[in-house]
Amino acid sequence: MDVDGEDVSRRLHVKFVTKLDSPFKVPVNSVAIPSNVTRLGLSSIVNSIIQSDNPEWKTEPFDFLIDGELIRMSLEEFLLAKGISAERTLEIEYIRAVAPRKEEEPSLHDDWVSAVNGSSPRFILTGCYDGLGRVWSSAGSCSHILEGHSGAISSVAVVNSKDAETVTVATASKDRTLRLFKFDADESVDSSTRVTAYKILRGHKASVQSVSAQKSGDMVCSSSWDCTINLWNTNQSTSEGESVPVKKRKGNNQADESQSEGEAVTTLVGHTQCVSSVVWPEHDVIYSASWDHSVRRWDVETGKDSLNLFCGKALNTVDVGGEGSALIAAGGSDPILRVWDPRKPGTSAPVFQFSSHSSWISACKWHRSSWYHLLSASYDGKIMLWDLRTAWPLSIIETHNDKVLSADWWKGENVISGGADSNLRISSGIAIS
Amino acid sequence: MTKKSKGGKEDKKAIETKSKSVSGKSQKQKKPVEKEVEKEVKEEEELIQESGTDSDYDGDSLSGSLNSDDFNSDIFESEDDVTQGGTEEEDGGDGESSQDELLVHEGSIDNEDGDDGSEQIDSDNNEEEDGSDEGSDRDEAVEESDSSEDEVAPRNTVGDVPLKWYEDEKHIGYDITGKKITKKERQDKLDSFLASMDDSKNWRKIIDDYNDEEVELTKEESKMVRRLLKGKAPHADFDPYADYVDWFKWTDAIHPLSSAPEPKRRFIPSIWEAKKVVKLVRGIRMGLIKVAKPEEEPEEGPVPYLLWEPASTSDQKNKNLTYIPPPKLKLPGHEESYNPSLEYIPTEEEKASYELMFEEDRPKLIPTRFTSLRSIPAYGNALKESFERCLDLYLCPRIRKKRINIDPESLKPKLPSRKDLRPYPNSCYLEYKGHTGAVTSISTDSSGQWIASGSTDGSVRIWEVETGRCLKVWQFDEAIKFVAWNPLSSLPVLAIAMGRDLFFLNTELGNDEEQEVIKEMFHSGNIPEPEASVAAIVTWLQDELYGGIKIRHFKNISSIDWHRKGDYLSTVMASGETRGVVLHQLSKKKTQRLPFKIRGLPVCTLFHPSLSYIFVATRKDVRVYNLLKTGLATKKLETGMREISSMAIHPGGDNLIVGSKEGKMCWFDMDLSSKPYKTLKNHPKDITNVAVHRSYPLFASCSEDSTAYVFHGKVYNDLNQNPLIVPLEILRGHSIKGGVLDCKFHPRQPWLFTAGADSIIKLYCH
């Protein structure tokens, strides 16, 4: 640190390091920078350094970390707040800023888009209040329409996308049923193909709110307003006698030879109110969130809940991810996104609380590869990207002009969302290393 | 005693005559007049001797003469022989003064010698001439000396008349025997002058016109005159300031003054005193009289005190409660020295900056430096400050204001903190928009998944609670008055009241079996013929438009309420007696009247949540009827309000909340009383609806002032404990115009739905 004069603020010796690949790399030299620069200043410094080596460089926003904390204020304040000494050479790690760089064309639906799913990189699956599921291969191009539901679709899930040939998806609807569809995702057609369900899962006594598939694709679980979670088999075979052909009942003009009906394998009972969300991240563990203000972890083998987190608010959504896929993020009837760490003994207090939203949170999803990133969607029309390393949102996507009902990551660098403005929106170009 | 004193008086007169005779006799003995002085000295000696003998005689006189006995009774000392001698001697001492007095008389008596008449008297008394009476006689003379009345009678008896009446006569009056007293020859002036020149004592002579004689004053008399002229006591040895001699001995005498026995009243307790004592005792007991405790005498010796105690704390405070200690002055520092160190002295710039400051902010003292004490000038502000001090004293209030120091917080009732009573609805996150008219009524589905709303635009809508999506719309011609969701979850039927019609609508939200049941129920064919008793009131019809059932009433419906079992529905019309409230049975499509008469016009009804009771609110009262019994109301609840607008019952069934059109809300604890347990006056305008939560201890009221109030209302199982009511939150948000028309709690969450006249339904979450 050297003092040049009174008008110039203090100078810090910093070293920029990164885990990014070659075009983003800067020489590992110590640079003296004024201490009052913010993220923007640091970003322009790094950009100018790269540009000095590579004249064709296009300016790229970066985010900066010191000791694993994102810088969200001026460097000086940050050091003061964290109590980091400015005497030695600082090592600042930079990453590409997490923000959408591009906004794709909206894909218009006939009604509110209540569910989106981007777990398959090949397509986007959406559910709509008109009772139709849609498969989008890219923005604006609908490849398949999944029909059959008489009520609004509340949730969609991709059951099996591993084998390239056919893809199995499940839709949950407010008509108290779930339907399983099979289609060929790679089939390139100009107009969208209509697909009917190969299996109808009946058994819920009230609206089905959420559906989630096991990793292997053998089973799906669904939660409903009747306070239960049902587990269903997805296979088409009638080996166990569970599936009954229903040709007689569905005597429509459609050729429904393949359509069968399934009954619940297991019912997990324990919640006292509407189970609004389920996720099935591991082979025999299901997480559920309910309006009875609790998040529960269910052991599929025994059918008992092994964890019961009390939140105090009615919950709408839950997701599991983060470090070791163990952190639980949930949002509900208040603008706070909470993250729990169930491995922490003796406490049920959330380890993180993100409260930048202004209305109910309708969806939250962990990034599939990053331990730090998650998104949340809210009825205030905003989608926020969060990093656990800072309490401020990384970026706010305000493309919807009404409630956002559902949002998901797609292909690692896109955020897809559906809302009450009947649009599926894709924000792309989010760089998460 | 009175007798004696009378006798004493008579005696006195006698003594006077005696003294006259005594003096007369002594003067007879000593003639001529020129040698008076010597004679008097002699006389004195005699008198002293006499008084000496007097004491001797006294013992005899006690027994012997009646006269002396009487005297003794008058004079205290005569009773006691022991002191007699001493007192007599004192008397003897006083003898001189009394002697002087006598001498004054002498002057006048001297000249009587020539008179015969007076001699007679003298001779009368002479036989009694005795020294024994002399002492007491002289005492009398001393006593009597002030009165001029009893002096020696003058020779002339004309009395106090102007002497000029006798100027032309040869006599000047008459003596005691009536003979004329002739005027003497007067010396002419020359003779008298010559005489005065010859006689050196002539200046002492005075002419007594009244008796027509010449009187020569003695030396003593002239002295006396001189003394009188000076304003002194006539006798030189009279001490006007003599020590007071307390003649009475206060020590108890052996023998009582009176031998009369003690009267009885001295031995019996006094009734008056007893009364007085009782009065005092009563006063003390009642605390009217404060008995001062005997003060403990402070111990002798010097009282220790705190040497270094600040002066203001100890004494003045205790003495005077209103003592206000003066503000403490700062101790002087270096800057207040006349010769402060240089660093205290402000620079020119600093002084200039002081000028720019406000006068109040300026430092009071700017340190300045003087080379010596001599060079310090007089304090410049002395006059100004003393003037201001005088002004302060003049203008300062003389009365100390008495302030009651009550913490305003302590006056509030002790209520639990709002934080402890969470959860309760406090913020609005969701709005249900779509109606075009004021939303008059809302109703929640028993599961809490949907709400139904009716509006003045004639539409009934069903909304999904969690997303705010409108699922279904039914459009009617009339403004919707009331919507009510069937309490059974298996029977998703909506009752809608508008104008004179009541609709039962299938919401089509149930599962297939339920739908079939409802369709069967609503099928047109099986509407039975109405009973004659209700035929005039209601007509059951099939509704073609939406496939429901329509019940047409004879009057406008003001309120409806489902029974908890979901089969019966009560409708209220503004009509008296038995026609105001009717019960519809949905399963049998039957209508029946209440089996009792209702006094007044019913406003709304409410079924008891667990028992077969019905609450009927008229304008001012709420009556509770047993549905299974005919007859009178089992209970009447007096609200004390002008006009009831709505009712809600606690799920326990023992507590009723009534809202009124004057903004008041009553909480009735029906086990406690038929009067309100609490009356809450919160809303400035009409309360449109009240609501109680099914599971949380919450209740709410909404009003035309476009606010909704949320209260904590906890009912305890313990009958001894009264319900706890705590106001929690004022929910605002609806536009001012028209206010909030309905509020309903979410059946399972601590959330409140409010329906506004601004056509918006709001959901307030916790």
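Throughout this document, residue positions are counted from 1 along each chain, in the order its sequence is written. Following the order in which they are written, the chains are lettered starting with A and the ligands numbered starting with 1. pLDDT decides what is reported in this predicted model: residues at 70 or higher carry local features, side-chain atom pairs at 80 or more are listed and counted, and totals for whole chains, interfaces and linings draw on all residues regardless. In computing side-chain properties, one takes all heavy atoms of the structure into account and sets aside hydrogens as well as water.

A few points about the overall build of chain B
Phase 1: Helix and strand assignments follow DSSP, with helices taken as H or I runs no shorter than four residues and strands as E runs no shorter than two, numbered in order from the N terminus. Per the secondary structure count, chain B includes 15 helices and 33 strands.
Phase 2: Categorising residues by exposure relies on relative accessible area from a 1.4 Å probe, with only protein chains included: less than 20% of the type maximum marks a residue as buried, more than 50% marks it as exposed, and the intermediate range marks it as partly exposed. Classification of the 766 residues of chain B by burial places 37% in the buried group.
Phase 3: What makes two residues a contact is simply this: any of their non-hydrogen atoms within 4.5 Å. Summarising the internal contacts of chain B: among those between residues at least 6 apart in sequence, 50% fall at separations of at least 24.
Phase 4: Exposure was quantified through the Shrake-Rupley algorithm and a 1.4 Å probe, taking into account, for residues, occlusion by the shown protein chains and nothing else. By element, 54% of the accessible surface of chain B is carried by carbon and sulfur atoms, the whole surface being about 48,500 Å².

Some thoughts on the overall build of chain A
Phase 1: In terms of regular secondary structure, chain A is built from 2 helices and 37 strands.
Phase 2: Classification of the 433 residues of chain A by burial places 58% in the buried group.
Phase 3: Once local pairs closer than 6 in sequence are excluded, the contacts in chain A between residues at least 24 apart make up 50%.
Phase 4: When the accessible area of chain A is evaluated, it comes to approximately 17,700 Å², of which 47% is carbon and sulfur surface.

Some words on the interface of chain B and chain A
Phase 1: At the interface, 25 residues of chain B touch 28 residues of chain A.
Phase 2: When chain B packs against chain A, the two sides together hide about 2,100 Å² of surface, and 48% of this comes from carbon and sulfur.
Phase 3: Considering only the side of chain B, the residues that lose the most area to chain A are Tyr429, Glu466 and Arg469 of chain B, jointly responsible for 33% of the buried surface there.
Phase 4: Any pair of nitrogen or oxygen atoms within 3.5 Å is treated as a polar contact; in protein, a donor-acceptor pairing is required on top of that, and neighbouring residues in sequence qualify only through side-chain atoms on both sides. Linking chain B with chain A are 16 residue pairs in polar contact (both at pLDDT 80 or more).
Phase 5: Elements supplying a minimum of two residues to the side of chain B that touches chain A: strand E5 (427-433) and strand E33 (760-765) of chain B.
Phase 6: When residues are grouped by polarity, Ala, Val, Leu, Ile, Met, Phe, Trp, Tyr, Cys and Pro land in nonpolar, Asp, Glu, Lys and Arg in charged, and all others, Gly among them, in polar. The residue inventory of the side of chain B that touches chain A, partitioned by class, reads 10 nonpolar, 10 polar and 5 charged. Once two parts are put together, the accessible area they lose, assessed with a 1.4 Å probe and summed over both, is termed the buried area.

As for the nonpolar core
Phase 1: For this analysis, a nonpolar core means a set of buried residues of the types Ala, Val, Leu, Ile, Met, Phe, Trp, Tyr and Cys, connected via side-chain atoms within 4.5 Å. Judged by nonpolar contacts, the single largest core of 26 residues is most densely connected at Phe16, Leu42, Phe62, Phe64, Ile66 and Leu75 of chain A.
Phase 2: Secondary structure elements with two or more residues in this core: strand E1 (11-17), helix H1 (39-53), strand E3 (62-66), helix H2 (75-82) and strand E5 (90-96) of chain A.
Phase 3: For this core, the element with the highest residue contribution is H1 of chain A, accounting for 5 residues.
Phase 4: Formed by 25 residues, the second largest nonpolar core is a distinct cluster that contains Ala152 and Leu405 of chain A together with Ile761 and Leu763 of chain B.

Thoughts on the environment of Ile730 of chain B
Residues and elements named next belong to chain B.
Phase 1: Residue placement: Ile730 occurs in strand E30 (residues 724-731).
Phase 2: With relative accessibility at 33%, the residue Ile730 sits in the partly exposed group.
Phase 3: Each C-alpha atom, one on Ile730 and one on Tyr709, is 4.6 Å from the other, the two residues being 21 residues apart in sequence.
Phase 4: Discounting residues that sit within four places of it in the chain, Ile730 has contacts with Thr707, Ala708 and Tyr709.

Some thoughts on the sheet that holds strand E2 (residues 30-34) of chain A
Residue and element names in this part refer to chain A.
Phase 1: The pairing criterion is simple: DSSP has to find at least two bridges between the two strands. In space, the 5 strands of this open sheet follow the order E2-E1-E5-E3-E4, with mixed pairing throughout. On the outer flanks of this sheet lie E2 and strand E4 (69-70), each paired with one strand and no other.
Phase 2: Inspection of the sheet shows E1 paired to E2 by 5 bridges, in the antiparallel sense. The residue bridging Lys15 from the neighbouring strand is Ser30, located in E2.
Phase 3: As a rule, the C-alpha atoms of each element are fitted with a line to give its axis, helices using only the stretch in contact, and angles between N-to-C directions run from 0 to 180 degrees. Contacting E1, E2, E3 and E5, H1 crosses the sheet at an angle of about 110° to E3.

Observations concerning the UniProt feature "repeat: WD" (unreviewed entry) in chain A
Phase 1: UniProt positions are given in the numbering used here, feature names are shortened, and annotations may be inferred rather than shown by experiment. Mapped onto this structure's residue numbering, the UniProt feature "repeat: WD" (unreviewed entry) falls at residues 201-242, 268-308 and 354-390 of chain A.
Phase 2: The span residues 354-390 of chain A is 0% helical and 49% strand by assignment, and the distance between its end C-alpha atoms comes to 9 Å.

What about the packing of aromatic side chains?
Each aromatic ring pair is described using two quantities: the centre-to-centre distance and the angle formed by the ring planes.
Phase 1: Stacked, tilted and edge-to-face pairs are distinguished by plane angle, under 30 degrees for stacked and over 60 for edge-to-face with tilted covering the rest, among Phe, Tyr and Trp rings (Trp via its six-membered ring) whose centres lie within 6.5 Å. Applying the stated criterion across every chain, the model contains 21 aromatic pairs over all chains.
Phase 2: Each ring, one from Trp360 of chain A and one from Trp751 of chain B, has its centre 5.1 Å from the other, and the planes form 50°; the classification is tilted. With one member in each of two chains, Trp360 of chain A in the loop between strand E30 (352-354) and strand E31 (361-366) and Trp751 of chain B in the loop between strand E31 (740-745) and strand E32 (752-756) form a pair that bridges those chains.
Phase 3: Trp360 of chain A sits in the buried class, given a relative accessible area of 0%.
Phase 4: By relative accessible area, Trp751 of chain B is classed as buried at 0%.

Considering the pairing of strand E6 (residues 439-444) of chain B
Residues and elements named next belong to chain B.
Phase 1: The buried fraction of E6 amounts to 5 of the 6 residues, a majority that puts the element mostly inside the structure.
Phase 2: As paired strands, E6 and strand E7 (residues 450-455) are joined by 5 bridges and run antiparallel to one another. Bridge assignment links Ser441 to a residue of E7, and that residue is Gly454.
Phase 3: Here E6 folds back onto E7 in antiparallel fashion, the turn holding 5 residues, of which Gly448 has a positive phi close to 90°.

Structural notes on the side chain of His650 of chain B
Phase 1: Note on placement: His650 of chain B falls in the loop between strand E23 (644-649) and strand E24 (655-660).
Phase 2: In contact with His650 of chain B, other than residues within four places in its own chain, are Pro609, Asn655, Trp667, Val692, Gly713 and Val715 of chain B.

As for the pairing of strand E36 (residues 414-419) of chain A
Along any regular strand, the residues point their side chains to alternate faces of the sheet.
All names here are of chain A.
Phase 1: Here E36 lies mainly inside the structure; 6 of its 6 residues are buried.
Phase 2: Covered by surrounding structure in E36 are Asn414, Ile416 and Gly418 together with Val415, Ser417 and Gly419, the residues of both alternating faces.
Phase 3: Bridging between strand E35 (residues 404-410) and E36 involves 6 bridges; their strand directions are antiparallel. Across the sheet, the residue bridging to Trp410 is Asn414, located in E36.

Topic: the pattern of salt bridges
Phase 1: The salt bridge definition used is simple: a Lys or Arg side-chain nitrogen within 4 Å of an Asp or Glu carboxyl oxygen. Counted according to the given criterion, the structure contains 29 salt bridges over all chains.
Phase 2: Between Asp292 of chain A and Arg296 of chain A there is a salt bridge whose closest N-O contact spans 3.6 Å.
Phase 3: Relative accessible area serves as the criterion here: at 10%, Arg296 of chain A is assigned to the buried category.
Phase 4: For the salt bridge of Glu729 of chain B with Arg418 of chain B, the shortest nitrogen-to-oxygen distance reads 3.1 Å.

A word on unusual backbone geometry
A negative phi angle is the norm for most residues apart from glycine, just as the trans form is the norm for most peptide bonds.
Phase 1: For the bond running from Arg422 of chain B to Pro423 of chain B, omega is 0°, close enough to zero to count as cis.
Phase 2: Along the chain, the position of Pro423 of chain B falls in the loop between helix H13 (408-411) and E5.
Phase 3: You will see that Ser422 of chain A, though not glycine, has its phi angle at about 60°, which is positive.
Phase 4: Take Ser422 of chain A: it is sitting in the loop between E36 and strand E37 (423-428).
Phase 5: Non-glycine residue Ser706 of chain B carries a positive phi angle of around 65°.

Description of a nonpolar patch on the surface
Phase 1: Where nonpolar side chains cluster on the molecular surface, the patch consists of Leu280, Ile284, Met286, Leu288, Ile289 and Val291 of chain B and spans about 600 Å² of accessible area.
Phase 2: Residue position: Ile284 of chain B is located in helix H9 (residues 271-285). Residues enter a patch when their relative accessible area is above 30% and they make no salt bridge; the linking distance is 9 Å between like charges and 5 Å between nonpolar side chains (Val, Leu, Ile, Met, Phe, Trp, Tyr).

Digging into a positive patch on the surface
Phase 1: A cluster of like positive charges, contributed by Lys201, Lys219, Lys223, Arg226, Lys230 and Lys232 of chain B, occupies part of the molecular surface.
Phase 2: By secondary structure assignment, the location of Lys223 of chain B is in helix H8 (residues 219-230). Only four residue types enter the charge count: Lys and Arg as positive, Asp and Glu as negative, with His and the chain ends excluded. For the purpose of locating charges, the reference atoms are NZ of Lys, CZ of Arg, CG of Asp and CD of Glu.

Comments concerning the confidence of the model for chain B
Residue and element names in this part refer to chain B.
Phase 1: As a per-residue measure, pLDDT reflects the predictor's confidence and takes values from 0 up to 100. Per-residue confidence for chain B gives a mean pLDDT of 76, with 77% of residues at or over 70.
Phase 2: Here residues 1-145 scores under 50 on pLDDT; set against residues more than four positions off or in separate chains, the count is 109 contacts.
Phase 3: Across the whole predicted complex the pTM is 0.63, and at the interface the ipTM reaches 0.85.

Here we look at the sheet that holds strand E9 (residues 470-475) of chain B
Residue and element names in this part refer to chain B.
Phase 1: On the basis of which strands lie adjacent, the open sheet formed by 4 strands has the order E6-E7-E8-E9 and antiparallel pairing. With partners counted over all chains shown, the strands left at the sheet margins are E6 and E9, one partner each. Within this sheet the neighbouring strands show an average axis-to-axis angle of 15°, counted without direction.
Phase 2: Sheet analysis places E7 next to strand E8 (residues 459-464), joined by 5 bridges and oriented antiparallel. Looking at the pairing, Gly454 lines up with Val460 of E8.

Details of the confidence of the model for chain A
Residue and element names in this part refer to chain A.
Phase 1: In this model, chain A carries an average pLDDT of 82, and 91% of its residues clear a pLDDT of 70 or more.
Phase 2: A low-confidence stretch, residues 1-7 (pLDDT under 50), is modelled with 5 contacts involving residues beyond four sequence positions or located in other chains.
Phase 3: Segment residues 238-257: pLDDT under 50, and 28 contacts once partners within four positions in sequence are set aside and those in other chains are kept.

Considering the environment of Val169 of chain A
All names here are of chain A.
Phase 1: Mapped onto the secondary structure, Val169 falls in strand E13 (residues 167-173).
Phase 2: Residue class for Val169 comes out buried when judged on its relative accessible area of 0%.
Phase 3: Sequence-wise, Val169 and Gly133 are 36 residues apart; in three dimensions their C-alpha atoms are separated by 9.7 Å.
Phase 4: Not counting the four nearest positions on each side in its chain, Val169 is found in contact with Phe123, Leu125, Leu146, Ala157, Val158, Val159, Arg179, Leu180, Phe181 and Phe183.

Description of the environment of Thr539 of chain B
Residue and element names in this part refer to chain B.
Phase 1: Following the sequence through the fold, Thr539 ends up in strand E13 (residues 538-542).
Phase 2: Sequence separation of Thr539 and Arg552 is 13 residues, and the distance between their C-alpha atoms is 5.1 Å.
Phase 3: Among residues more than four places away in sequence, those in contact with Thr539 are Lys550, Ile551 and Arg552.

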